[in-house]
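Reading the structure
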Amino acid sequence: MVAVTLWGSLRVFTNGRASVEIEARNFKELLDGLVAAYPGLRPQIERGVSMALNGRIYKEAWFTEIRPDSEVVLMPYMQGG
Amino acid sequence: MKSIHISTKVNGDAMEFVCAPDESLLDVLRNRLGLTGAKEGCGTGDCGACSVTLNGRLVCACLVLGAEVDGAEIGTVEGIATDGVLHPLQQAFIDHAALQCGICTPGILVAAKSLLDRNPDPTDTELRYWLAGNLCRCTGYDKIIAAVQDAAQKMRAA
Amino acid sequence: MMDTGHKRIFKVVGTRPPRPDGIDKVTGRAQYGADVSAPGMLTGRILRSPHAHAEIVSIDTSAAEALPGVKAVVTSKDFVFQDDDFFRDVQENCMATAKALYDGHAVAAVAAVSPEVAKAALKLIKVTYKQLPHVTDVDLAMRPDAPVVQDGRSLETVPAGMSANVTHHSEFGHGDLASGFAKADVIVERSFTTAATHQGYIEPHACLAAMNADGRADLWCCTQGQYNVRTLCAALLGLEASQLRVTASEIGGGFGGKTTVFIEPVALALSRKSGKPVKIVMTRDEVFKATGPTVTSSIDVKIGMTRDGRITAGEAHLRYSGGAFPSGTVDMGGQAAFAAYDLAAVRTFGWNALTNRPKEAAYRAPGAPQAIYAVESVIDELCQNLNLDPLDTRLKNAAKKGTLSSYGPTFDDIGLIATLEAAKKHPHYTAPLAAGVGRGLSAGFWFNFGGNTCVTMNINTDGTVSVTEGNPDIGGSRASISMMAAEELGVPYDKIRTIIADTASLGHNDVTDGSRVTFAVGLATIKAAQDAIAKMCARAAKLWGIDAEAVEWVDGAAVPAGPNAGKFPPMSLAEIAAVSFQTGGPIAGHHEFHADGAGVSFGVHLCDVAVDRETGATKVLRYTVFQDAGRAVHPAYVEGQMQGGAVQGIGWALNEEYIYGADGRLQNAGFLDYRVPVASDLPPIDTVILEIPNPGHPYGVRGVGETPIVPPLAALSNAVSRAVGVRMQSLPMSPPRILAAVMAHDAKV
Ligand code: FES
Ligand code: FES
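Below is a short write-up of the structure. All values reported here derive from a predicted model rather than from experimental measurement.

**Regarding the overall build of chain A**
- Within chain A, the secondary structure is distributed over two helices and five strands.
- Helices and strands appear in chain A in the N-to-C order β-β-α-α-β-β-β.
- The C-alpha extent of chain A, read off along each of the three principal axes, is 35 × 30 × 20 Å.
- Looking at chain A residue by residue over its 81 residues, the buried ones come to 57%.
- Within chain A, counting contacts between residues at least 6 apart in sequence, those at least 24 apart form 44% of the total.
- With an accessible surface of roughly 3700 Å², chain A has 51% of that area assigned to carbon and sulfur atoms.

Spelled out as structure tokens, the structure:
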């Protein structure tokens, strides 16, 4: 299980919880696990999200390995100029 | 509207063209003479990307009519280097990283050369006011000023 | 992960060689978007809505089509229906279907044998509009009774009961605000507004499209990303990616504004219909009305501080409008707002509302400058109220490695404290201030990105190297890429030539955005070089009759690894290349990947201003930029990014704004009335580059292009506020605004 921190406006879809536990070994499993456990997150995840893993931001790397003690933060899909 | 036949000199070479009475010198240079060095950033005299010299005077080519240049001498960025050797201003722009995207560069080179031709030793303030009609969105002007001053110094020493 | 290279001694990286495109650009030879033509080419022009908001009842193109010399007329009907929201918005912005959503929105286009005929044809297109009430102000657009720009566009995160214009809502942060504010000795709460600004690249959008009846097409255009242009155009016209080859011209500035399409699909549609090449070049007026700009914003910030300068809580409410289409830029603002600080309680609430303005395009660090302007202004006011040094106060609260960031993750190595300390030590900070001069400072932050990247490196038989990459070079990136290739291969810089591929010649590359190129393309170049090196070592091993593992690459040559490998003289890249046909064929290195780990960056800007209390005019007297570049590959180009970004920020702070009339039409669509900084407005822009290596890059490189536009807004506002003795709360601080603020203040005292 890894603890995933969600940003504030997503918490209405997780019964108000800021952090949820998901069984996942990589980013893809994490996203699938989140959608399965909290279907309200599906539209946002389909539009795109980034993930910060131990402070480093990943945009679409599904197979980035996640360890149980990793710090995982879900972030909006990043855009730049 | 009947086209007008014009004979002129561009960068020392005799050239002829026909143009519409309301056609700008910039359009003539770019579309009829194949000299695309002068750029159109606005078409209204506000950006200086189209700067050329007309009988030695610095003008915005977008504000001059092609029909006005019969018998005139025009200078564009294409004529600044001689025989394949860069002008000190051109070399200084490369050395000082005075261009990023480079779209303003032709106009700024023509304008800066025109200043140094009449004032070989401008102050930074004179230079900044002289170039105030040439917009550069990339550099913040800092390296442009440094490049022109370096070129001016080298030209004085030469 | 890859931090072995940090202590290495660089030979090429960190020097300042001339850029490969330099001579082309100083002689007028470089070809930009509008500089090419094709035989038989037509001129394309676009008809635009004169109304801020109107239903398009009908479009009659028959008279235009009948005009001699007109070869094609297109409307929205000539594009493929998109069911994906993202593509539909791009398409709708290129050509309106049911409604014109802003002044300047494209409604039809013609291609004709000359510009004159094209112009005449536009006048013959009869569009029947039914004008609708409009809204251009973000706060008004959020009211429940506001005219609705587009209905049904709200995301699921937006609470029920709000205006249909509200499309996005996001919330970030941690901790308990109430108890944080309870600990404060002083709380300041202020509201701010920022105007929409345009990227202001000097080159208007331009393209040349040629499409055959069989669906095969070529497109030449000025863009920050030819692959993205291909993706979008292929979707909008129903083409296969392989059949559409997009070539990026030299680009005359972008800053984020050339990351999407406006005229390109239109030119392709006109070319398809006419069977001839079609060139479209925007006028400056069109550039202002229908491309760019940034969001416009209205922001409330509340910050609590103890007497000794510790921030106890920070809260921000951000209301952004990205124009007539949904925009998530406010998410970036909400995440960036307090990113510079180590806070126990922090919360940002963001909203995006639709307005009858052009669709926002990215502009350097999109969303961050506005939010950070508001936060840094309030921090400055707290420092004034508590009589605290603004730099020391920021140092006291600065985020560092291990800080839980305001947007969620814990920071890795970051350079904020070092940057603040550099500012504190700099003579500018302690230089005495003349009477009436104000000094302001601001910190700034941006994320930076990596992204999809693909690089090919060919080792030529004469010992030179051709690097092929896929990102248009705006600020000298070809030089930086060549430098990294030279560094890794161990050959001189001038043996390398880097070119930008068209979409048919190299795999996908994300657009030149997010400050990604030197980081991600550089990383791919290093990896491609390593790939080529491995192949060259294998060739040398073959020649020597030893194992490939027994060969290593030192200073541009293969050498036996250790005494056991045998005694052979080093074999240089040129020597290996010369016999490559005999040893197994041409040698090339490749690398394709999705780069992550770009590393966030911080900047601190310091400025002195004098304000004329009679006219309200501000003169910037001195300006210094401090920024962490990780590793400056070409320091002159890094300085150039810092200076250019700072000056764009100065323009935003002092003059630039989209001004809409009561009729909802843009009143200043030209450089005369939309005034960007000119040379005589500015002092020299000093730069101090810090190098705190990014652990995610073998040379330590961080993106540098975007952060510099973030701090100027508050740095200028804080300086002006201190100079005039009135807290400025609205950008730009144009002379009339400053005068009004001063007069309102004087009337009170
Ligand atoms: S194009 Fe002539 S001044 Fe801008
Ligand atoms: S270098 Fe880009 S506008 Fe000057």
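Next, the rest of the story.
**Re the overall build of chain C**
- Regarding its fold elements, chain C presents 21 helices and 26 strands.
- Its C-alpha atoms put chain C at 90 × 75 × 50 Å along the principal axes.

**Focus on the pattern of salt bridges**
Residue and element names in this part refer to chain C.
- Following the criterion strictly, the structure yields 54 salt bridges over all chains and no others.
- Note that K258 and E203 form a salt bridge whose closest N and O atoms lie 3.0 Å from each other. In this pair, K258 sits in the loop between β11 (244–248) and α8 (264–274) while E203 sits in the loop between β8 (186–194) and β9 (206–211), placing the two residues 55 residues apart along the sequence.
- Under the relative-accessibility criterion, K258 is labelled buried at 1%.
- Linking D392 and K424 is a salt bridge whose minimum nitrogen-to-oxygen distance equals 2.6 Å. Of this pair, D392 sits in helix α12 (residues 390–397) while K424 sits in helix α13 (residues 416–425), placing them 32 residues apart in sequence.
- By relative accessible area, D392 is classed as partly exposed at 32%.
- Classification of K424 by relative accessible area gives partly exposed; the value is 36%.
- Bridged by salt links that share partners, the residues R19, D21, K25, E250, D473 and R478 form one connected network.

**As for the sheet that holds strand β7 (residues 166–174) of chain C**
Residues and elements named next belong to chain C.
- Here five strands make up an open sheet; going across it, the order is β7-β15-β14-β13-β8 and the pairing mixed. Looking at strand neighbours, the two that pair on one side only are β7 and β8, the edges of this open sheet. Across this sheet, the average inter-strand angle for adjacent strands is 10°, counted without regard to direction.
- Taken together, the nine bridges between β8 and strand β13 (residues 296–305) define a ladder with antiparallel strand orientation. Within β13, the residue paired with E189 across the bridge is K302.
- Along the sheet, helix α10 (residues 329–336) makes contact with β7, β14 (311–321) and β15 (346–353), crossing β14 at roughly 165°.
- Across the sheet, helix α11 (residues 368–386) is in contact with β8, β13 and β14; its angle to β8 comes to roughly 145°.

**Quick look at the arrangement of the chains**
- When the two pairs of chains in contact are compared, the highest contact count belongs to chains B and C.
- A minimum C-alpha distance of 14 Å separates chain A and chain B, which share no contact.

**Some remarks on the pairing of strand β16 (residues 437–446) of chain C**
Residue and element names in this part refer to chain C.
- Within β16, 10 of the 10 residues are buried, which leaves the element mostly enclosed by the surrounding structure.
- Sheet topology note: the β16/strand β24 (residues 601–611) ladder contains 10 bridges and is antiparallel. Its bridge partner being in β24, F445 is matched across the sheet by F602.

**Focus on the interface of chain C and chain B**
- The partner chain B presents 37 residues to the 49 residues of chain C that form the contact.
- Of all residues in chain C, C:V26, C:I202 and C:A679 bury the most surface against chain B, accounting for 20% of the area lost on that side.
- In this structure, the connection of chain C to chain B is made through four salt bridges.
- Of the charged contacts, one joins B:K143 and C:E639 as a salt bridge, the two residues approaching to 2.6 Å between their closest N and O atoms.
- One can count 24 residue pairs in polar contact (both at pLDDT 80 or more) joining chain C with chain B.
- For the side of chain C that touches chain B, the elements supplying multiple residues, two or more each, are α1 (22–27) and α19 (635–654) of chain C.
- Looking at which element gives the most residues to the side of chain C that touches chain B, the answer is α19(C), with nine residues.
- In terms of residue class, the side of chain C that touches chain B is made up of 27 nonpolar, 15 polar and seven charged.

**Observations regarding the state of the cysteines**
Residue and element names in this part refer to chain C.
- Considering all chains together, one arrives at zero disulfides over all chains under this definition.
- Left unpaired, C222 is separated from the closest cysteine sulfur, that of C221, by 6.7 Å.
- You can call C222 buried: its relative accessible area is 1%.

**Quick look at the sheet that holds strand β1 (residues 4–10) of chain B**
Residue and element names in this part refer to chain B.
- With mixed pairing, five strands are arranged side by side in an open sheet as β2-β1-β5-β3-β4. A strand with exactly one partner marks an edge of an open sheet, and here the two such strands are β2 (13–19) and β4 (57–60). Direction aside, the axes of adjacent strands within the sheet are offset by 40° on average.
- Two elements, β1 and strand β5 (residues 73–75), share two bridges in a ladder whose sense is parallel. Looking at β5, one finds that K9 is bridged to E73.
- Across the face of the sheet, helix α1 (residues 25–32) comes into contact with β1, β2, β3 (51–54) and β5 while running at roughly 105° to β2.
- Contacting β3 and β4, helix α3 (residues 105–118) runs over the sheet at an angle of about 40° to β3.

**Some thoughts on helix α2 (residues 88–95) of chain B**
- Taken as a whole, α2(B) has its buried residues at B:L89, B:Q90, B:A92, B:F93 and B:I94.
- Buried-residue contacts for α2(B) involve α3 and α5 (142–157) of chain B together with α1 of chain C.
- Trailing α2(B) by a residue or two, B:A97 shows a phi angle of about 55°, which is positive.

**Observations concerning the interface of chain A and chain C**
- In this assembly, 26 residues from chain A lie in contact with 38 residues from chain C.
- For the chain A and chain C pair, buried surface summed over both sides reaches about 2400 Å², with 56% attributable to carbon and sulfur atoms.
- Between the two partners, chain A and chain C, sit one salt bridge.
- For the interface between chain A and chain C, the tally reads five residue pairs in polar contact (both at pLDDT 80 or more).

**Points about the nonpolar core**
- Within the largest apolar cluster, 193 residues are counted, with the highest numbers of intra-cluster contacts made by B:F93, C:L219, C:F445, C:F447, C:Y623 and C:L716.
- Counting residues per element, this core draws most heavily on α11(C), which supplies 11 residues.
- Domain assignment of the residues forming this core places at least three in each of domain 1 (4–79) and domain 2 (88–157) of chain B.
- Residues within four places of C:F447 in sequence aside, it is in contact with A:I57, A:M75, A:M78, C:M332, C:Q335, C:Y407, C:G599 and C:V600.
- One finds C:L489, C:A528, C:C537 and C:A540 within the second-largest nonpolar core, a separate group that totals 53 residues.

**Some details on the side chain of C:S406**
All names here are of chain C.
- Take S406: it is sitting in the loop between α12 and α13.
- Classification of S406 by relative accessible area gives buried; the value is 5%.
- Side-chain polar atoms of S406 contact the backbone nitrogen of A339, separated by 3.3 Å.
- Look past the residues within four positions of S406 in its chain and what remains in contact with it is F172, G173, H174, Q335, F338, A339 and V346.

**Observations concerning the pairing of β3(B)**
All names here are of chain B.
- Burial along β3 is two-sided: the face carrying S51 and T53 and the face carrying V52 and L54 are both buried.
- Summarising the sheet, β3 and β4 pair through four bridges and their orientation is antiparallel. The partner of V52 across the bridge, within β4, is V59.
- Adjacent in sequence and paired antiparallel, β3 and β4 are bridged by two residues, among which N55 carries a positive phi angle near 50°.
- When β3 meets β5, the two strands line up antiparallel, connected through two bridges. In the strand pairing of β5, L54 is matched with I74.

Procedures and definitions
- Residues numbered from 1 in each chain as written.
- Chains lettered and ligands numbered in written order.
- Predicted model: local features only at pLDDT ≥ 70, side-chain atom pairs only at ≥ 80, totals over all residues.
- Heavy atoms only, no water.
- Helix = DSSP H or I, 4+ residues; strand = E, 2+ residues; numbered from the N terminus.
- Buried < 20%, exposed > 50% of the residue type's maximum accessible area, 1.4 Å probe, protein only.
- Contact = heavy atoms within 4.5 Å.
- Areas by Shrake-Rupley, 256 points an atom, 1.4 Å probe, with all protein chains shown as cover.
- Salt bridge = Lys/Arg side-chain N within 4 Å of Asp/Glu carboxyl O.
- Pairing = 2+ DSSP bridges.
- Axes fitted to C-alpha atoms, helices over the stretch in contact; angles between N-to-C directions.
- Buried area = accessible area lost by both parts, 1.4 Å probe.
- Polar contact = N/O pair within 3.5 Å; in protein donor to acceptor, adjacent residues only side chain to side chain.
- Nonpolar A, V, L, I, M, F, W, Y, C, P; charged D, E, K, R; others polar.
- Disulfide = S-S within 2.5 Å.
- Core = buried A, V, L, I, M, F, W, Y, C linked by side-chain atoms within 4.5 Å.
- Domains from an automatic or database assignment.

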